[in-house]
Amino acid sequence: MGYYNNHYPPNPHRNKGNRWLVPLLLGVVIGILLVSVALPAVLDSNLVSNQQGNQVADNSSNNGESNPSYMSVDITTQITDIVQQVAPTVVGVTNIQRQNSLWQQQEGTEATEAGTGSGVIYKHDGEHAYIVSNYHVVEGADELEIVLYDDTHVEAELLGGDLFSDLAVLRMDGSAIDQTIEMGTSATIKVGEPAIAIGNPLGHMFAGSVTQGIISGTQRTIPQDFDYDGRADWQAEVIQTDAAINPGNSGGALINMEGQLIGINSMKINQEAVEGIGFSIPIDVARPIIDELEKDGSVTRPFIGVEIYSLDEVPQAEWKETLNLPSEVEGGVYVWSIDPVSPADQAGLERLDVITHLDDVAVLNMIDLRKILYQEKEVGDEVKITYYRDGEKQETTLKLGVQR
């Protein structure tokens, strides 16, 4: 019946289950040992990392809060460095005038503050310090007082002033002065470059105020009516900036990002509809006038005797229709009025004549004409003038007089 020696035949699968039992038990034992030894080390390492991360996060969070115990801020920029360097050279100027006293029984006068402005210390000769300001700041003053950066008050004398350029030069004792401003140049300034204005807006209570802006325009010409007769007496060449310039800023400094003086702040359009327009006298225009005021007390200028305006202020259509200018004329200045018995009157110039050359040097605008007259000519010089009248090119010669 299929039996063998009264036993079942051998089963080839009988002992296979016992073969993997020993390796399994051995693996479990090794795993237990590894977990018991390695896990604590891993946990300790992660704990340290988490604690360090939390500490960094906490510190970052604290740094975002205004906590004086943990935060120290020291903000230094190019502008703060410039202001720190230049501010001591910008001073306050007080115009003191004397008038009859209404409170005294006897005859006498009392000193009153007629106005305040700003000034810039530009020179020190060892004994005296020299300050440039605006003419309208010191006009009519019986006494002048300088308020230094540290609120020291020092008397000053007026060496000279010029109505047309709106510049004045003052001199004071130099013993309290440690530095002067560095002169720059206005010839290379560009529209859009940064500019800083320093002065005393609204009086000495806001002394040393700093405003920042950009150069909004160069070689602007602003008509000036000094006698208020409705006719322009002068065309002031100015730098336009949007750095805030308020009453009291007059005479203050307009500086570039090198800390150099590029302009003397002078005028501001104060109208409700106009904001951000301030004007400064270019330092290249001011410097020769400052030198002359310092030495002579006044400015002597060659004089033609005409009220003129740049041709580029007139629409192109008027060049041909009204002035009858030929197409080859690219620029010039047109005569609006002529002073009686002036060099221009004696030379035969007339209203609406268009001047294009002085001594064969092209004149494209007012600035060109003034540069030739004030930088290359002297009072008494004879000048050949080329001009157009009713479309005809003509020439005349005049002898320069004295601007009074």
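Residue numbers run consecutively from 1 along every chain, following the written order of its sequence. Totals for whole chains, interfaces and linings use all residues, but because this is a predicted model, local features are given only for residues with pLDDT of at least 70 and pairs of side-chain atoms are given and counted only at 80 or more. Hydrogens are left out, water is left out, and the side-chain values use all remaining heavy atoms of the structure.

Novice: I keep staring at the confidence of the model for the protein and nothing clicks. Help me out?
Specialist: Interpretation of this model should avoid reading the predicted coordinates in detail wherever pLDDT is low. On a range of 0 to 100, pLDDT expresses the predictor's confidence in each residue. Per-chain confidence: the protein averages 82 in pLDDT, with 75% of residues scoring 70 or above. We call two residues in contact whenever any of their non-hydrogen atoms come within 4.5 Å of each other. Here residues 47-62 is modelled with pLDDT under 50, and outside its nearest four sequence neighbours on either side it reaches zero contacts, counting other chains as well.

Novice: Got a minute to help me understand the layout of surface pockets in this structure?
Specialist: Summary: where empty space remains is shown by rolling a probe the size of a single water molecule over the atoms. Of the grid points, spaced at 1 Å and generated over the protein atoms alone, those admitting a 1.4 Å probe that cannot get out make up cavities, while open sets with protein on both sides within 12 Å along at least five of seven lines make up pockets; any residue with an atom within 4 Å of a point is treated as lining. Grid points are joined across faces, edges and corners, and a volume is the space filled by probe spheres set on the points. Roughly 1,100 Å³ of internal volume is contained in the largest pocket. Forming the walls of the largest pocket are 44 residues, and the residues nearest its centre are S165, W234, V285, I289 and R370. Residue assignment for the lining of the largest pocket shows that the elements contributing at least two residues are α4 (135-138), β9 (209-224), β10 (234-241), β12 (260-268), β13 (278-282), α5 (283-296) and α8 (366-376). The leading source of residues in the lining of the largest pocket is α8, at seven residues. In the lining of the largest pocket, the residues fall into 23 nonpolar, nine polar and twelve charged. Only DSSP runs of H or I reaching four residues or more are called helices, and only runs of E reaching two or more are called strands; each is numbered from the N terminus. In this count, Pro and Cys sit with the nonpolar residues alongside Ala, Val, Leu, Ile, Met, Phe, Trp and Tyr, while Asp, Glu, Lys and Arg are called charged and the others, Gly among them, polar.

Novice: What's the story with the environment of L261 in this structure? I'm lost.
Specialist: Residue position: L261 is located in strand β12. Judged by its relative accessible area of 0%, L261 is buried. Between the C-alpha atom of L261 and that of G184, which follows or precedes it by 77 residues, the distance is 5.1 Å. Contacts of L261, omitting those with residues within four sequence positions, involve V120, I181, E182, M183, G184, T185, A253, L254, I255 and I283. Note on exposure labels: buried denotes an accessible area under 20% of the residue type's maximum, exposed denotes more than 50%, and partly exposed covers the range between, all computed with a 1.4 Å probe on protein chains only.

Novice: I'm lost on the side chain of D353 in this one. Help?
Specialist: Tracing the chain through its elements places D353 in the loop between α7 (343-346) and β17 (354-358). For D353, a relative accessible area of 1% puts it in the buried group. By the criterion applied in these results, polar contacts are pairs of N or O atoms within 3.5 Å in which, for protein atoms, one can donate a hydrogen and the other can accept it, and in which residues neighboring in sequence qualify only through two side-chain atoms. Here the side chain of D353 touches R389 through a polar contact of 2.8 Å, side chain to side chain.

Novice: For this particular structure, what's the right way to read the pattern of salt bridges?
Specialist: Opposite charge on two side chains permits pairing when their charged atoms draw close. The term salt bridge refers to a side-chain nitrogen of Lys or Arg lying within 4 Å of a carboxyl oxygen of Asp or Glu. Inspection of the entire model under this criterion finds eight salt bridges. Residue R98 is joined to E143 by a salt bridge in which the shortest nitrogen-to-oxygen separation is 2.5 Å. Here E143 lies in strand β4 (residues 143-147) and R98 lies in strand β1 (residues 90-100), a separation of 45 residues in the sequence. A relative accessible area of 29% places E143 in the partly exposed class. If you follow the salt bridges from partner to partner, you end up with E350, D353 and R389 in one network.

Novice: Looking at this structure, I do not really get the pairing of strand β6 (residues 167-173). What am I missing?
Specialist: Moving residue by residue along a regular strand, the side chains alternate between the two faces of the sheet. Burial within β6 is extensive, with five of its seven residues counted as buried. Relative to β6, strand β3 (residues 128-133) runs antiparallel, the two being bridged by six bridges. Its bridge partner lying in β6, I131 is registered against L170. Paired strands are those between which DSSP finds at least two bridges. Examined bridge by bridge, strand β5 (residues 153-162) and β6 share six bridges and lie antiparallel to one another. Across the sheet, the residue bridging to D162 is L167, located in β6. Between β5 and β6, which pair antiparallel in sequence order, lie four residues; one of them, D166, sits at a positive phi of approximately 60°.

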